[in-house]
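Architecture and fold: a report
This is what each chain is made of:
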Amino acid sequence: MTTPFTLTFDCASPAALSAFWCTALGYVPASPPAGFDSWEQWLRHFAVPEQEWDDGAAIEDPTGAGPRISFLKVPEPKTAKNRVHLDVQAGGGRATPWEERWPRVRAAADRLVAAGATELAVANLDGRPDHVVLADPEGNELCVV
């Protein structure tokens, strides 16, 4: 039996970072909880002060297969390398011929750089490019593989 979980990013700008990760993963903004027509309705129902309404965001896999991801506003900036990171699996896996896989990886990395990521490195395997290491707009590392 598995336990449901939500992956959570601490960040400075939940709305902006959640938009980036929607682009990266093909996710969509999370629907409001059952019984509520909107997040505003939910926030009002629980008397969340309006100045705190932008303190969080959530995204979800539109197919329901992947985990929910939330973004929580925190006052301190990121200061060290991530101990956990996401691998965006755009290439099809190493069983896919390199000639097919690498252009997919490169195209996905370029798309994410255009969306606000920073390219940190291209990792090589057996003398040719294998995956791209990026940082999201707030500096969280990810790999495009």
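Structural data are supplied above this passage.
Summarised in this report is the structure supplied together with it. For clarity, every value in this text was computed on a predicted model and none was experimentally measured.

Some points on the nonpolar core
Ranked by size, the top nonpolar core spans 22 residues in total, and within it W21, I59, F71, L112, L134, L142 and V144 carry the most contacts. Sequence-distant contacts of V144, defined by excluding residues within four places in its chain, comprise V88, A90, V105, A108, A109, L112, H131, V132 and L134.

Overview of the sheet that holds strand β4 (residues 68–73)
Ordered in space as β1-β4-β3-β2, the four strands form an open sheet in which the pairing is mixed. Looking along the sheet, the strands with just one partner apiece sit at the ends: β1 (6–11) and β2 (28–29).

Some words on the packing of aromatic side chains
Counted according to the given criterion, the structure contains six aromatic pairs. Judged by centre distance (5.2 Å) and plane angle (15 degrees), the rings of F9 and F71 are stacked. In this pair, F9 is assigned in strand β1 and F71 in strand β4, connecting sequence segments 62 residues apart. A single burial state applies to F9 and to F71, both of which are buried. Look at W39 and W42: their rings are 5.6 Å apart centre to centre, the planes differ by 75 degrees, and that puts the pair in the edge-to-face class.

Structural notes on the side chain of N140
Its place among the elements puts N140 in the loop between β7 (128–135) and β8 (141–144). A relative accessible area of 9% means that N140 is categorised as buried. Once residues within four sequence positions are removed from consideration, N140 is found in contact with F9, L17, K78, N82, L134 and A135.

Each value, and the rule that gives it
For every chain, the first residue of the written sequence is number 1, and numbering continues from 1 along that sequence. Thresholds applied to this predicted model are a pLDDT of at least 70 for local features of residues and 80 or more for the giving and counting of side-chain atom pairs; totals over whole chains, interfaces and linings are not thresholded and use all residues. Calculation of side-chain values draws on the structure's entire complement of heavy atoms; hydrogens and water are dropped beforehand. Residues belong to a common nonpolar core when they are buried Ala, Val, Leu, Ile, Met, Phe, Trp, Tyr or Cys residues joined through side-chain atoms within 4.5 Å. Under the scheme applied here, a residue whose accessible area is under 20% of the maximum for its type counts as buried, over 50% as exposed, and between as partly exposed, the area being computed with a 1.4 Å probe on protein chains only. Contacts between residues were defined by any pair of non-hydrogen atoms, one from each residue, lying within 4.5 Å. Two strands make a pair as long as DSSP finds a minimum of two bridges between them. Numbered from the N terminus, helices here are DSSP runs of H or I no shorter than four residues, and strands are runs of E no shorter than two. Pairing of aromatic side chains requires ring centres within 6.5 Å, counting the rings of Phe and Tyr and the six-membered ring of Trp. Pairs whose planes differ by under 30 degrees are stacked, by over 60 edge-to-face, and all others tilted.

Function cannot be inferred from these measures alone, as they are strictly geometric.
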